[in-house]
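# A look at the structure
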Amino acid sequence: MKACSVYSLDKKKIKDANLKFAIIVSLWNQEITNRLYKGAYETLIQSGILKEKIQTWKVPGSYELIYSAKKIAHCYNFDSIITIGSLIQGETYHFEYLCQAISQGIKDINIKYDVPVIFCVLTDKNQQQSFDRSGGKNGNKGIECAKTAIYMSLFRKSIK
């Protein structure tokens, strides 16, 4: 069995791997998604990924992350795709339906295509919770997702 060492963000290993990333950002709850995007993008750059190896798309809402991630997985050869969105619970069941559909849709793309699709979609009870998780007191999930994208990209390359 081949050992896989992907548990450190070694800049030399990352640079040598010549990784390419797609980031898809929802415009809905843009104040939150911009913060997540900034965290993800800056983490990729700080980890040694060149700017020209990161391509960004914007879509209207989090539901549209499914189609766009599928299309990008099918048409391009990225090492990982990061999907960024924010859903904040309202007074109707719409929140629950969207949360389930989006998580299932992203899961399905991970199964169908040979590229990790990273789920960076906040599903929060209120706007304060979203702020806390997008650069506030609970950190920035965009940073965590960028690190996950790097790990999974290195993992993918180690298996091929």
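Above: the structure in question.
The structure reproduced in this document is the subject of the present report. This is a predicted model, so every value here is computed, not measured. (Residues numbered from 1 in each chain as written. Predicted model: local features only at pLDDT ≥ 70, side-chain atom pairs only at ≥ 80, totals over all residues. Heavy atoms only, no water.)

## Quick look at the overall build of the protein
Secondary structure assignment for the protein yields six helices and six strands. Expected size for 160 residues packed as a compact globule is a radius of gyration near 15 Å; at 15 Å, the protein falls within 12% of this value. Once the C-alpha set of the protein is aligned to its principal axes, its extents read approximately 50 × 35 × 30 Å. The 160 residues of the protein split such that 43% are buried. Contacts in the protein between residues at least 24 apart in sequence constitute 78% of all its contacts with a sequence separation of at least 6. (Helix = DSSP H or I, 4+ residues; strand = E, 2+ residues; numbered from the N terminus. Rg over C-alpha atoms; globule rule 2.2 N^0.38 Å. Buried < 20%, exposed > 50% of the residue type's maximum accessible area, 1.4 Å probe, protein only. Contact = heavy atoms within 4.5 Å.)

## Things to note about the pattern of salt bridges
Counted according to the given criterion, the structure contains seven salt bridges. Of the charged contacts in the structure, one is a salt bridge between Lys157 and Asp79, with a shortest N-O distance of 3.6 Å. Pair noted here: Lys157 is in helix α6 (residues 141–159) and Asp79 is in the loop between α3 (64–75) and β3 (80–88), with a separation of 78 residues, a long-range link. For Lys157, a relative accessible area of 36% puts it in the partly exposed group. (Salt bridge = Lys/Arg side-chain N within 4 Å of Asp/Glu carboxyl O.)

## Quick word on the packing of aromatic side chains
Counted according to the given criterion, the structure contains four aromatic pairs. Centre to centre, the rings of Trp57 and Phe78 are 6.0 Å apart; their planes meet at 90 degrees, and the pair counts as edge-to-face. In this pair, Trp57 is assigned in strand β2 (residues 54–59) and Phe78 in the loop between α3 and β3, connecting sequence segments 21 residues apart. The class of Trp57 is partly exposed, set by a relative accessible area of 22%. Of the residues examined, Phe78 reaches a relative accessible area of 9% and is grouped as buried. Among the aromatic residues, those joined into a cluster by ring pairs are Trp57, Tyr76 and Phe78. (Phe/Tyr/Trp six-rings, centres within 6.5 Å; stacked < 30°, edge-to-face > 60°.)

## Considering the sheet that holds β2
In spatial order, the strands read β2-β1-β3-β4; together these four strands make up an open sheet with parallel pairing. Strands with a single pairing partner mark the edges of an open sheet, and in this sheet they are β2 and β4 (117–124). Direction aside, the axes of adjacent strands within the sheet are offset by 15 degrees on average. Where strand β1 (residues 21–26) and β2 come together, six bridges link them in parallel fashion. Across the sheet, residue Ile23 finds its bridge partner in β2, namely Thr56. In this fold helix α2 (residues 30–46) packs onto β1, β2, β3 and β4, with an angle of close to 155 degrees to the strand it touches most, β3. On top of the sheet, α6 reaches β1, β3 and β4; it is set at about 160 degrees to β4, its chief contact. (Pairing = 2+ DSSP bridges. Axes fitted to C-alpha atoms, helices over the stretch in contact; angles between N-to-C directions.)

Just distances and angles here, no functional claims.
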